[in-house]
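For reference, the chains in residue letters:
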Amino acid sequence: MDQAPPIQEQKSTVEGAIVVVAKCPLPGKSKTRLLPLLGEQGTVTLAKAMLCDVLATLVNYFPKTIKILYYAPGTKEGRKYMQQHIIQQELKITSDDIIHLLPVPQGTNLQQADLGYLLQNALGQAKQLLAPSRGGIVFLGMDSPELPLEEITKALQRTDDEATLCPSQDGGYGMLCVSQACPSKVFNDILWSHPLTAIAQMKAL
């Protein structure tokens, strides 16, 4: 009996850039709300696994898309951790061109007060890496266990200046795609970590 041909793993041919915003999974800094349940090492293990799952999925599914890991803290130690423990050790990636490491500006973090400024900065850096007329720019968080791959693909394929936003149940959003023409001011005056975050962002767009 002839064997069935192997199933070809689905991949997207879309171009563009995907920015994953993430904190280094460090003891006492990761998933702090779960510390009473998991302990420091448990929260680190969980945060590292979630970040690696997101990055591995993006690398596998979007081979032609620029992948950017926008990390905090934006220090030499932060870069070393992401490079050695996440990209090389966990994902087994040795090329610097597969995932681009971009630090958040020094003196800022991923807290509510700084988030709008950080996304503005990330948008500017993504535009510099992305050649004109090569798709949109997607923003994702590290807490995305079920990535909307088809939605990301459709969003990156758009040629107009409209944005695509996937709201989440808590009032925020899990994915945002904008065009290269999008001005950085769309992240001004957003109610971050609020039940109306997604609505405020849609109004700004």
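Up top is the structure.
Quick summary incoming for the structure in this document.

Scoring rules and cut-offs
Residues numbered from 1 in each chain as written. Predicted model: local features only at pLDDT ≥ 70, side-chain atom pairs only at ≥ 80, totals over all residues. Heavy atoms only, no water. Pairing = 2+ DSSP bridges. Helix = DSSP H or I, 4+ residues; strand = E, 2+ residues; numbered from the N terminus. Axes fitted to C-alpha atoms, helices over the stretch in contact; angles between N-to-C directions. Buried < 20%, exposed > 50% of the residue type's maximum accessible area, 1.4 Å probe, protein only. Arc of directions from axis to C-beta. Contact = heavy atoms within 4.5 Å. Core = buried A, V, L, I, M, F, W, Y, C linked by side-chain atoms within 4.5 Å.

Quick look at the sheet that holds strand E1 (residues 17-23) now. Consider a sheet: its strands pair through backbone hydrogen bonds, and that pairing is either parallel or antiparallel. Here we have six strands laid out as an open sheet, ordered E3-E2-E1-E4-E6-E5, and mixed in their pairing. The sheet terminates laterally at strand E3 (99-103) and strand E5 (164-167), the two strands that pair on one side only. Across this sheet, the average inter-strand angle for adjacent strands is 20°, counted without regard to direction. Summarising the sheet, strand E4 (residues 137-141) and strand E6 (residues 173-178) pair through four bridges and their orientation is antiparallel.

Once that is clear, we can look at helix H5 (residues 197-204). Within H5 the residues assigned to the buried category are Thr197, Ala198, Ala200 and Gln201. Projection of H5 onto a plane perpendicular to its axis shows the buried side chains occupying an angular sector of 160°, all on one side. Residues of H5 that are buried sit in contact with E5 and E6.

The subject of this paragraph is the nonpolar core. Membership of the largest hydrophobic core comes to 33 residues, with the highest contact counts inside it found for Leu51, Leu69 and Met82. Elements represented by at least two residues in this core include exactly E1, helix H1 (35-61), strand E2 (66-72), helix H2 (76-90), E3, E4, helix H4 (149-157) and E6. Tallying contributions element by element places H1 first for this core, with seven residues. Once residues lying within four places of it in the same chain are set aside, the contact partners of Met82 are Ala22, Lys23, Cys24, Pro25, Leu51, Leu69, Tyr71, Ile87 and Leu101. Within the second largest apolar cluster, 29 residues are counted, among which are Val21, Val178, Val186 and Ala200.

Here we come to the environment of Gly42. Structurally, Gly42 can be placed in helix H1. For Gly42, a relative accessible area of 24% translates into the label partly exposed. For Gly42 and Pro27, which are 15 residues apart along the polypeptide, the C-alpha to C-alpha distance reads 9.0 Å.

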